[in-house]
Amino acid sequence: MQGQNQQQAYDRGITIFSPDGRLYQVEYAREAVKRGTASIGVRTSDGVVLAVDKRIRSPLMERSSVEKIHKADDHIGIASAGHVADARQLIDFARRQAQVNQLRYGEPVGVETLTKEITDYIQQYTQVGGARPFGVALIIGGIVDGEPRLYETDPSGTPYEWKALAVGADRGDIRDYLEANYDAEMDLDAGIDLALAALASVNDDELAPEGIGVATIDAETETFGVLSDDEKETHLAEADLLESDDGDEDGDEAEDADDETEE
Amino acid sequence: MQGQNQQQAYDRGITIFSPDGRLYQVEYAREAVKRGTASIGVRTSDGVVLAVDKRIRSPLMERSSVEKIHKADDHIGIASAGHVADARQLIDFARRQAQVNQLRYGEPVGVETLTKEITDYIQQYTQVGGARPFGVALIIGGIVDGEPRLYETDPSGTPYEWKALAVGADRGDIRDYLEANYDAEMDLDAGIDLALAALASVNDDELAPEGIGVATIDAETETFGVLSDDEKETHLAEADLLESDDGDEDGDEAEDADDETEE
Amino acid sequence: MQGQNQQQAYDRGITIFSPDGRLYQVEYAREAVKRGTASIGVRTSDGVVLAVDKRIRSPLMERSSVEKIHKADDHIGIASAGHVADARQLIDFARRQAQVNQLRYGEPVGVETLTKEITDYIQQYTQVGGARPFGVALIIGGIVDGEPRLYETDPSGTPYEWKALAVGADRGDIRDYLEANYDAEMDLDAGIDLALAALASVNDDELAPEGIGVATIDAETETFGVLSDDEKETHLAEADLLESDDGDEDGDEAEDADDETEE
Amino acid sequence: MQGQNQQQAYDRGITIFSPDGRLYQVEYAREAVKRGTASIGVRTSDGVVLAVDKRIRSPLMERSSVEKIHKADDHIGIASAGHVADARQLIDFARRQAQVNQLRYGEPVGVETLTKEITDYIQQYTQVGGARPFGVALIIGGIVDGEPRLYETDPSGTPYEWKALAVGADRGDIRDYLEANYDAEMDLDAGIDLALAALASVNDDELAPEGIGVATIDAETETFGVLSDDEKETHLAEADLLESDDGDEDGDEAEDADDETEE
Amino acid sequence: MQGQNQQQAYDRGITIFSPDGRLYQVEYAREAVKRGTASIGVRTSDGVVLAVDKRIRSPLMERSSVEKIHKADDHIGIASAGHVADARQLIDFARRQAQVNQLRYGEPVGVETLTKEITDYIQQYTQVGGARPFGVALIIGGIVDGEPRLYETDPSGTPYEWKALAVGADRGDIRDYLEANYDAEMDLDAGIDLALAALASVNDDELAPEGIGVATIDAETETFGVLSDDEKETHLAEADLLESDDGDEDGDEAEDADDETEE
Amino acid sequence: MQGQNQQQAYDRGITIFSPDGRLYQVEYAREAVKRGTASIGVRTSDGVVLAVDKRIRSPLMERSSVEKIHKADDHIGIASAGHVADARQLIDFARRQAQVNQLRYGEPVGVETLTKEITDYIQQYTQVGGARPFGVALIIGGIVDGEPRLYETDPSGTPYEWKALAVGADRGDIRDYLEANYDAEMDLDAGIDLALAALASVNDDELAPEGIGVATIDAETETFGVLSDDEKETHLAEADLLESDDGDEDGDEAEDADDETEE
Amino acid sequence: MQGQNQQQAYDRGITIFSPDGRLYQVEYAREAVKRGTASIGVRTSDGVVLAVDKRIRSPLMERSSVEKIHKADDHIGIASAGHVADARQLIDFARRQAQVNQLRYGEPVGVETLTKEITDYIQQYTQVGGARPFGVALIIGGIVDGEPRLYETDPSGTPYEWKALAVGADRGDIRDYLEANYDAEMDLDAGIDLALAALASVNDDELAPEGIGVATIDAETETFGVLSDDEKETHLAEADLLESDDGDEDGDEAEDADDETEE
């Protein structure tokens, strides 16, 4: 690979190809995703699980305002990682598209359809000048004809379908955990346990209920739902992942107290 | 992190990603916020308190013209820190949005709704070329269904909800004070005392009534109100924070007499 | 502060933030204001005084064509300092806004309202690309409901209200003089004397009637008026500020005979 | 050829000519194509074969979401190599053009007509400023009046017609194999065998059914169809190309686990 | 002042402020004015005199085609110095504005009104991007209510009123001459003599009738008129400024035979 | 001439003049033409001959897809050399213009008229910003009132009329051959022989029928026609230019197997 | 003057002023004119003569396609020098303007009027961004009310009127010849002889009839006409300027065989 000077040349031209065929601005946008805390998606036999790290910068901040899990439609949930303000734009876009689909065709939008509408929108920001790419990755989970589906969108505008995946910080380690422990036959409860264990695997195997967010999209009811703190605590306790009381709840939050870009 | 030369490369392209996934123009806009004097928000059980440092450059300047607390709607107040002219644009936007909501839905706009409309507006200035980000942070306080709510918008366009927060100069120190002394059960009066004490903590524990601005949004009446100098003096005296008479009122104001960008 | 090279980087991008949160083009526009001769505003108990330095480059130039005091509406006057051609644009904008207000609401525009419409207009030139900021500061004086009001607009688009102020060359020294001698209870005549003395304080305590411009906006009649040379001479003579006859009238004008940018 | 420094000069201007008459951005877009896994097209006497390498980054990723073969119309299939998000835009364009042709002329679009509409679209992105070229090559196969036709589009917007071709990684080696083994008289089944053998020739002569995609457009029925895993396995077994069981299915996938741009 | 390198930085950004508040492109446009031959305006008690240097590059060039004095309206004449093609644009603009005024208000346009419409037009080219400033200065002379008026427009878009002035080459020396010899009571004939003597003062005190242009706007008749060669010769002879016959008429014209930008 | 560094400066500004009055981007576009294989035009007494080198990169590529001779109208043919995708745009433009002429005036477009419409179109891309010049040269042959006419368009947008010409690779050598052997009285058959001999003169005096394209526009019938392989072989055999059997048909094609920009 | 580096800075900004008030792009466009072969205009007592050098690159090129003399209207002819494709645009503009004038006012356009419409058009390309100046100079000859008139337009957009002039290569030497030999009383025949002799003076005092173009606009008939080769030969023979037979007709044409930009 080339040195520092050359990279700069390709940055200024927003999104043009480098001599080896890469789009640096898109790759840098992926770095912005890695700066965000991790989000996880797991597809089970009877629904999809979304789990996110909701670490906050101060005990005075409301955890509920750390938006990392969003309801896009009754049957579709989205978890994000990366630049929060960018994520909001894509979520808004997703919700509008879901409504438009409902109005136009009289039925809920398909998860794959919605994913591709989002990635097409993302792609425009990587090819046409005058704007930068979106610095965010989305995990889109939903139910189509009773079947759970799980997708990822990345800053290049490529859609991927997954059985289970992680985006954001520690993505590689979490994926290793998921690959080693994923079982396609597990039910939603087991999926929640897997997602929490995967998230805990990069957090000293301990999680506080308030520090995470978990949502499910149930295949039978085809509805999106968020777990309460009690439900999360029950799951953590059962899996022996519950943060011990003497732990400093906001210990690692204080470290990046002044770096407010990412969650 | 990389050296000075590289940073420059990313500045010129307005708001493009750096190799490590950062948006320098947004980070520099945050520096513009820090150049502004501090603003504080405190959520109490029966309302929200906004308190601001209104230091002026000359005794001949009218303190009332230092606009740092604004009424956005009957039930919503906004405090700002950073680039004053930018703040005015966002306040105007907020007021128009509040009116549009009232007209369209026949009811007052929600505090969270308004906050997110503002952050979406801010985000556009960080992604689409041809303009710079807004160099201002807002503290938005208001009442929804009798419940006090307190939000922050930052230059990236991210909304946060807080129990209590500070933006602008000395933000870190003031937050430490708030974290150490915040009590969710306190009433508005105690909230005013906390805000003033936090502000005084970075001003030699002394404040002059004319040098600060304080507003409340009362949960019961759902109305925004500004404290008079007498009311402020009473609070300061009770809290033993009142500036002693021999103090040089505009002492630290003379220092930056020629730096007119920020308040 | 950083060195010369870095500053250049931020200039080219018109109005983007520097790493320490500054907008260099706006700060340079302030330098353009300082290159202009001084203008002074004084608010008294019964009206507002505007006084300007009208030095010219040659005795053949008509002093009346050095436009530094402008009537914006019957009850509002504006003094300017800085880039003359830019000032003309803002004055034209102010006059149009005053007329629009009169037509739309059937009453004269408020001084604060007009000031903020002007600053909003100025702010646009500091955030949106494709143009440079206005290199001019305005002093806006007027009467609202019988009350004298005095405002300043700066190149960032920030409005300030003042009891008395100076913009342009020697701004700091003149302000010191005003701070030391201002009395809120004085009447218009005393206000004229103060303004002239402040202007003379940076001109060897001597002024020629033709070399200055003075206007008042009377609180009772709510009308803008310009002082004649005789009136100015009377005031100067009474205050012992009248230029002695052996003085070289255009002495310091010859110096900058070829620097035509500013007045 | 010139050195590195000069190349950079031509990159920044998006798509301008170099002194030796080259368009570097178009050439770099060709590099983006080479970064993609290989796709192959073979024209036989009774139809067209499309075969693609569908390697994935993780066993948790759904192979079906690696979109490299697309149905553009009943009688036209398209295989792609290169930047996935860009490919999606061209496929969408192709589908819309096919529908427009059907509506306007009442008959299916010709394969050559569609190819040239796509290449004209691609060419615009290489001449007009404000955007980058498409980083993708397409293989377009279809039937016109019972005759199989096979085309290629490259990032410059040039259409080529082929008997058999490869695009993407290892393009040169696969073409050598095709040139040595192509027989214009072979039928579809033989064409599938040739395509698979060519693909295997750069993969240690082994392929797993799930790791490849195969589609045919039959000349008689004029319809596009995708082979099932069983059908692929049968073909591979017959040709002795079936991956042995002890093979590490995702062996070479793990290598580029973090390079997500291309498939 | 700063060195050469820094100046370059400000040139590229068309018209942005330098750190010391200057607009270099406007200053360079003033240099373009200085590259043009001199033009002079003199206001007398009964009219305005315009006199210009009409040096040509070759005896084969028609002196009449060197346009430096223009009739803008019956009662208004304009002399220019600097970039000839730019001057033509402003003259055309002036003529259109004069016609528009006549049509709209049923009376001839005022000289000051016209001057300010021109300067507003000029200013736009110094603030909004995408164009360069006008490289020309105008001397606008005319009669309003029987009163002679004389104005200047410069490349910044600032209007000035003068008793007598010069623009273009040798401006400083000619102004010195005018300042020393101007008498506000003189009549048109004396004004012509003064203008010619001032022009001759920088040309070895000799002028050829064909090498100059002279026009007057008479206060009584309010009409613009151009002097014939005979009339010019009479004036020159009376003032002993007539070029001696052995003089090389085009002596100094040959020098800049290939520099065709300015007149 | 100046060095490498300076040339770069003029490239970036798309199509601006260099200090010596050249347009580098246009000159580089001419280099793009030279990178294309040769095309030849010959005007004879009873028609026009177009002959092109159709070398291909692989025996698997369909020679018919190498588009270098195009029918623009019944009586007009066009041969191209250079950037293939650009040529397609100009051919499309030519066809549309021919149709528009037919519709508007009820008669076929003149060859000179069409040529000039094309060159005007090309010129726009060399003067107005936001796009690059066309990297292609066209040979336009046709019949007007029974008279054969032969034109060239180059990347600057200049039209030339020729008796016989070559564009593309080896242009100079082929022109030398044409100049030495052209006879204005020859008929179409002799013209074909001349064109083939000229093309063979830079190919070891051997050509394969499949490796070339030949078309004629007959003056009597005023129709464009393409020669079959048999017709081409007959001409080659008669002229002793037919490639011997032991020749490596694609010998020099393999060399540039990976350089796909030009034909 | 400054060095090479500084010049580059001003080139990139298209047409902005240099510190000494020059527009480099306009000056470089003048260099493009000098790269073109010479064109000459001579005004006589009974008409205007236009004479041009029509050197061609190859004997196979049709001299008639070297367009350097154009009929703009029945009574107006135009000769050009410089960038041929640019000249075509201006000639087209001139013809349209002539038609528009005829339609609007019912009489032929004046020569000066047309010249100024062309120069206004040219000027726009030197002030507004997004395009380069025209690299061409025009000689415009015509008859107005029986009087011959002769004008020049240069790349800055300045109109000049001449008795006789040259543009393009060797302009200086040809002008010297014209200045030494011009006689305002000569008739058209003498004017032709002067123009040819002037052109021959920089061509070894020899010219071939085919290598030049001559046109006249007769004052009596007010019509434009082109001289035949016979007429040209007669004139050359009479003036002893006819090229001797042993001369190498295309001798100096071969030299620039590959430099196709200019004629």
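As recorded in an unreviewed UniProt entry, chain A goes by Proteasome subunit alpha and comes from Haloarcula salina. Taken verbatim from the UniProt record of chain A, the Subcellular location (unreviewed entry) comment is "Cytoplasm".

### Quick notes on the interface of chain B and chain A
The interface of chain B with chain A comprises 40 residues on the first partner and 40 residues on the second. Summing both partners gives a buried area of about 3500 Å² for chain B against chain A, and 50% of it is carried by carbon and sulfur. Taken together, the links from chain B to chain A amount to 4 salt bridges. A:Glu62 is the salt-bridge partner of B:Lys163, the closest N and O atoms lying 3.9 Å from each other. Where chain B meets chain A, there are 13 residue pairs in polar contact (both at pLDDT 80 or more). Elements represented by at least two residues in the side of chain B that touches chain A include exactly helix H1 (4–12), helix H2 (24–34), helix H4 (111–127), strand E7 (159–161) and helix H5 (171–181) of chain B. The biggest single contributor to the side of chain B that touches chain A is H4(B), with 7 residues. Of the residues in the side of chain B that touches chain A, the class split is 13 nonpolar, 13 polar and 14 charged.

### Focus: the pairing of strand E5 (residues 136–144) of chain F
All names here are of chain F. For E5, the buried fraction is high: 8 of the 9 residues fall into the buried class. In this structure, E5 lies alongside strand E6 (residues 147–153), joined through 7 bridges in antiparallel fashion. Its bridge partner being in E6, Val144 is matched across the sheet by Glu147. The antiparallel hairpin formed by E5 and E6 contains 2 residues in its connecting segment, where Asp145 sits at a positive phi of about 50°.

### Some points on unusual backbone geometry
Phi at B:Asp204 is positive, roughly 60°, even though this residue is not glycine. Relative to the helices and strands, B:Asp204 is located in the loop between helix H6 (188–200) and strand E9 (212–218). Among the residues examined, B:Asp204 registers a relative accessible area of 73% and is labelled exposed. Although it is not a glycine, F:Asp205 adopts a positive phi angle of roughly 60°. Looking at the element boundaries, F:Asp205 is found in the loop between helix H6 (188–200) and strand E9 (212–218). Looking at F:Asp205, the relative accessible area reads 45%, which means it is partly exposed.

### Regarding the packing of helix H3 (residues 84–105) of chain D against helix H4 (residues 111–127) of chain D
Residue and element names in this part refer to chain D. Here H3 crosses H4 at 130°, and the two axes come no closer than 10 Å. By the angle between their axes, H3 is oblique relative to H4. The handedness of the crossing between H3 and H4 comes out as right-handed. Residues Leu90, Phe93, Ala94, Gln97, Ala98 and Asn101 of H3 pack against Leu114, Glu117, Ile118, Tyr121 and Ile122 of H4. For the contact of H3 with H4, a count of residues per class yields 8 nonpolar, 2 polar and 1 charged.

### Some words on a negative patch on the surface
A contiguous patch of negative charge, built from A:Asp46, A:Asp187, A:Asp189, A:Glu220 and A:Glu238, is present on the exposed surface. In this structure, A:Asp187 sits in the loop between helix H5 (171–181) and helix H6 (188–200).

### Structural notes on the sheet that holds strand E4 (residues 76–82) of chain D
Residue and element names in this part refer to chain D. Taken together, the 5 strands give an open sheet; going across it, the order is E3-E4-E5-E6-E7, and neighbouring strands pair in antiparallel fashion. Every interior strand has two partners, whereas the edge strands, strand E3 (69–73) and strand E7 (159–161), have only one. On average, each strand axis in the sheet is tilted by 25° relative to the strand beside it, whichever way the strands run. The pairing of E4 with strand E5 (residues 136–144) spans 7 bridges and is classified as antiparallel. Its bridge partner lying in E5, Ser80 is registered against Leu138.

### Some points on the side chain of G:Arg43
With respect to the helices and strands, the residue G:Arg43 is situated in strand E1 (residues 39–44). Here E:Glu62 takes part through its side chain, which lies 2.7 Å from a polar atom of the side chain of G:Arg43. Excluding its chain neighbours within four sequence positions, the residues that come into contact with G:Arg43 are E:Glu62, G:Val48, G:Pro148, G:Arg149, G:Leu150, G:Glu161, G:Trp162, G:Lys163 and G:Tyr182.

### Observations regarding the packing of aromatic side chains
Per the stated rule, a full pass over the model turns up 35 aromatic pairs over all chains. Ring centres 5.8 Å apart and planes at 35° place the aromatic pair A:Tyr24 and A:Tyr28 in the tilted group. Taken together, the residues span about one helical turn, with A:Tyr24 and A:Tyr28 both in helix H2 (residues 24–34) at a distance of 4 residues. According to the relative accessible area criterion, A:Tyr24 is buried, its value standing at 3%. Among the residues examined, A:Tyr28 registers a relative accessible area of 4% and is labelled buried. Summarising the aromatic geometry, the rings of G:Phe93 and G:Tyr121 are spaced 4.1 Å apart at their centres and angled 10° between planes, so their arrangement reads as stacked. With G:Phe93 in helix H3 (residues 84–105) and G:Tyr121 in helix H4 (residues 111–127), the pair connects residues that are 28 residues apart, well separated along the chain. Overall, G:Tyr121 belongs to the partly exposed group, its relative accessible area being 26%.

Conventions used here
Residues numbered from 1 in each chain as written. Chains lettered and ligands numbered in written order. Predicted model: local features only at pLDDT ≥ 70, side-chain atom pairs only at ≥ 80, totals over all residues. Heavy atoms only, no water. UniProt positions renumbered as here; feature names shortened; annotations may be inferred. Contact = heavy atoms within 4.5 Å. Buried area = accessible area lost by both parts, 1.4 Å probe. Salt bridge = Lys/Arg side-chain N within 4 Å of Asp/Glu carboxyl O. Polar contact = N/O pair within 3.5 Å; in protein donor to acceptor, adjacent residues only side chain to side chain. Helix = DSSP H or I, 4+ residues; strand = E, 2+ residues; numbered from the N terminus. Nonpolar A, V, L, I, M, F, W, Y, C, P; charged D, E, K, R; others polar. Buried < 20%, exposed > 50% of the residue type's maximum accessible area, 1.4 Å probe, protein only. Pairing = 2+ DSSP bridges. Axes fitted to C-alpha atoms, helices over the stretch in contact; angles between N-to-C directions. Parallel < 35°, antiparallel > 145°, perpendicular 65-115°, else oblique. Left-handed = near helix turned anticlockwise from the far one by under 90°. Patch = residues over 30% accessible without salt bridge, like charges linked within 9 Å, V, L, I, M, F, W, Y side chains within 5 Å. Areas by Shrake-Rupley, 256 points an atom, 1.4 Å probe, with all protein chains shown as cover. Lys, Arg positive; Asp, Glu negative; His and termini not counted. Charge placed at Lys NZ, Arg CZ, Asp CG, Glu CD. Phe/Tyr/Trp six-rings, centres within 6.5 Å; stacked < 30°, edge-to-face > 60°.

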